[in-house]
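This is what each chain is made of:
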Amino acid sequence: MRILVTGGAGFVGSNLSLAFKRDNPGAEVIAADNLKRRGSELNLLRLREAGVRFEHADIRDPSDIAALGPMDLLIECSAEPSVQAGYGGNPAYLIDTNLRGTLNCLEAARTHDATFVFLSTSRVYPIDPLRALPLETKCNRLALPTGAAGPGWSEYGIAEDFDLTGHRSLYGTTKLSSEHFIEEYRAAFGLKAIINRCGVLAGPWQMGKVDQGFMSLWAARHLYGGTLSYNGFGGHGHQVRDVLHVDDLYDLIALQLTKAEEATTGVWNTGGGANNATSLKELTDACSTRSGRSLGIACNPETNPADIPWFVTDSRKVSRTFDWRPKRTLDDLLDNIFEWLEVQRATLEPLLR
Ligand SMILES: NC(=O)c1ccc[n+]([C@@H]2O[C@H](COP(=O)([O-])OP(=O)(O)OC[C@H]3O[C@@H](n4cnc5c(N)ncnc54)[C@H](O)[C@@H]3O)[C@@H](O)[C@H]2O)c1
């Protein structure tokens, strides 16, 4: 068994590589990454210590992928994962990695008859209809009115049948385009591919920055000091996301691989769900309590063109099909992140402060 994890030094890729190696000690697990993300290099030691082989490779270059050799399972975790990427500049890196690079990985999976796992995103759902949801402010968060529902949305969140018409950010478009190609590869070549449309993922070893990885950024700034700001939607910090622990994502993928025939059809919304949703303001309160530090958080009312006020993942389909639900609560997640930040303080403080 050979498992290739592209983006394997990143947050999701490193955690999945380690979990696959732990549960399949006889397998050769290869984490390939170009180390573009600042902080990914910090994962190399833990990969090595666990027996995961690291290879420097850039998925934009098919010869880099070919040099990695055959594989039975290819988990595509490499990306420019920021929804703000490409705005106000040249989107070439985003498109070359998230679309062309993913196609190179897909081609490698076809060549070697490998099962392909793709981490798509909730950001495939278009921005304007999400902004048009009838949200109201309840305490410190935006919420749907009780009982409100429409096509593809309800108190459970956004489901797979939410209308896809409209723009969705450059990032979201690279991911949806990749999904379309994966669908074609399934039909044309019988490729076995799992597409998980993930909401916000979080956990230890996420190198949070202002435009990506807000849970660990928030925790790190509270613990180490630094500045934070509520951006967009009036600058109140009322915007909401559900969050899934990366270990719960691994549990799901492991289950899906045992039911591959079913898993390799359609798409699966995958997220923490309504019980694991938080607003930024609520997250601030939780981080202040844990760190004992209260940060004066700046308010920037201006909304970024790619931003949305509320996203909760309706994961009922994936839950039902694979008898899976998140085991880790938001509190567990924050406990894990704070513990990691404490233990690794000397290494992480210069990066995340
Ligand atoms: N983190 C989330 O909240 C979230 C949510 C939904 C989907 N996803 C998807 O999950 C996947 C993993 O995201 P993440 O949070 O681990 O991001 P990450 O930035 O931590 O990891 C991505 C890794 O890919 C590497 N990379 C970038 N360009 C590359 C290239 N051209 N060739 C090889 N490696 C390259 C980076 O160096 C990094 O280590 C991505 O596809 C992302 O779009 C993430």
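Residues numbered from 1 in each chain as written. Predicted model: local features only at pLDDT ≥ 70, side-chain atom pairs only at ≥ 80, totals over all residues. Heavy atoms only, no water.

Caption draft 1: Representation of the pattern of salt bridges within the structure. Counting across every chain of the model gives 24 salt bridges. Measuring nitrogen to oxygen at the nearest pair gives 3.8 Å for the salt bridge that ties D113 to K192. Taken together, the residues span a long stretch of sequence, with D113 in the loop between α4 (92-112) and β5 (115-121) and K192 in the loop between α6 (170-189) and β10 (193-198) at a distance of 79 residues. Judged by relative accessible area, K192 falls into the partly exposed class, the value being 32%. Connected through salt bridges with shared partners, the residues R2, E28, R53 and E55 form a single ionic network. (Salt bridge = Lys/Arg side-chain N within 4 Å of Asp/Glu carboxyl O. Helix = DSSP H or I, 4+ residues; strand = E, 2+ residues; numbered from the N terminus. Buried < 20%, exposed > 50% of the residue type's maximum accessible area, 1.4 Å probe, protein only.)

Caption draft 2: Spotlight on the site of the ligand. Close to the ligand lie 31 residues; D33, S40, Y93, Y171 and K175 are nearest. Between the ligand and K36 there is a distance of 2.9 Å, counted from an oxygen atom to a backbone nitrogen or oxygen. Y171 is positioned with one of its side-chain polar atoms (N or O) 2.7 Å from an oxygen atom of the ligand. Coverage of the ligand by the protein chains reaches 97% of its 820 Å² of free accessible surface. Every element with two or more residues in the shell around the ligand is listed here: α1 (11-23), α4, β5, α6 and β11 (200-202). Here the shell around the ligand is composed, by residue class, of 15 nonpolar, ten polar and six charged. (Near = heavy atom within 4 Å. Polar contact = N/O pair within 3.5 Å; in protein donor to acceptor, adjacent residues only side chain to side chain. Areas by Shrake-Rupley, 256 points an atom, 1.4 Å probe, with all protein chains shown as cover. Nonpolar A, V, L, I, M, F, W, Y, C, P; charged D, E, K, R; others polar.)

Caption draft 3: Region of the structure containing the packing of aromatic side chains. Throughout the structure, instances matching the rule amount to eight aromatic pairs. For the ring pair F116 and F118, a centre distance of 6.5 Å and an interplane angle of 10 degrees mean the geometry is stacked. Across this residue pair, the class does not change: F116 and F118 are buried. When the centroid spacing of 4.9 Å and the interplanar angle of 70 degrees are considered together, the rings of W268 and F322 count as edge-to-face. Linking W268 in strand β14 (residues 268-270) with F322 in helix α11 (residues 316-322), this pair joins segments that are 54 residues apart in sequence. There is no split in this pair, since W268 and F322 are both buried. Aromatic ring contacts, followed pair by pair, group Y125, F162 and F311 into a single cluster. Note that R110 overlies the ring of F189, its terminal NZ or CZ placed 5.1 Å from the centroid. The ring centre of Y156 lies 3.8 Å from the NZ or CZ of R316, which sits over that ring. (Phe/Tyr/Trp six-rings, centres within 6.5 Å; stacked < 30°, edge-to-face > 60°. Lys NZ or Arg CZ within 6 Å of the ring centre and 35° of its normal.)

Caption draft 4: View of unusual backbone geometry. Positive phi, close to 55 degrees, is recorded for D113, a residue that is not glycine. Phi at D323 is positive, roughly 50 degrees, even though this residue is not glycine. Inspection of the secondary structure puts D323 in the loop between α11 and α12 (330-343). A relative accessible area of 61% places D323 in the exposed class.

Caption draft 5: Representation of the environment of H236 within the structure. Position of H236 relative to the elements: it lies in the loop between β12 (229-231) and β13 (240-245). A relative accessible area of 45% places H236 in the partly exposed class. Residues H236 and R353, 117 residues apart in the sequence, show an inter-C-alpha distance of 23 Å. Setting aside residues up to four positions removed in sequence, H236 forms contacts with Y230 and K281. (Contact = heavy atoms within 4.5 Å.)

Caption draft 6: Quick peek at the nonpolar core. Grouped together as the largest cluster of nonpolar side chains are 34 residues, with contacts concentrated most on I3, V12, L16, F20, I75 and L249. Of the residues forming this core, the biggest block, six residues, is contributed by α1. Once residues lying within four places of it in the same chain are set aside, the contact partners of F20 are I3, V29, L73, I75, Y250, I253 and L257. Counting 29 residues, the second largest nonpolar core, distinct from the first, contains M207, Y224, V243 and C287. (Core = buried A, V, L, I, M, F, W, Y, C linked by side-chain atoms within 4.5 Å.)

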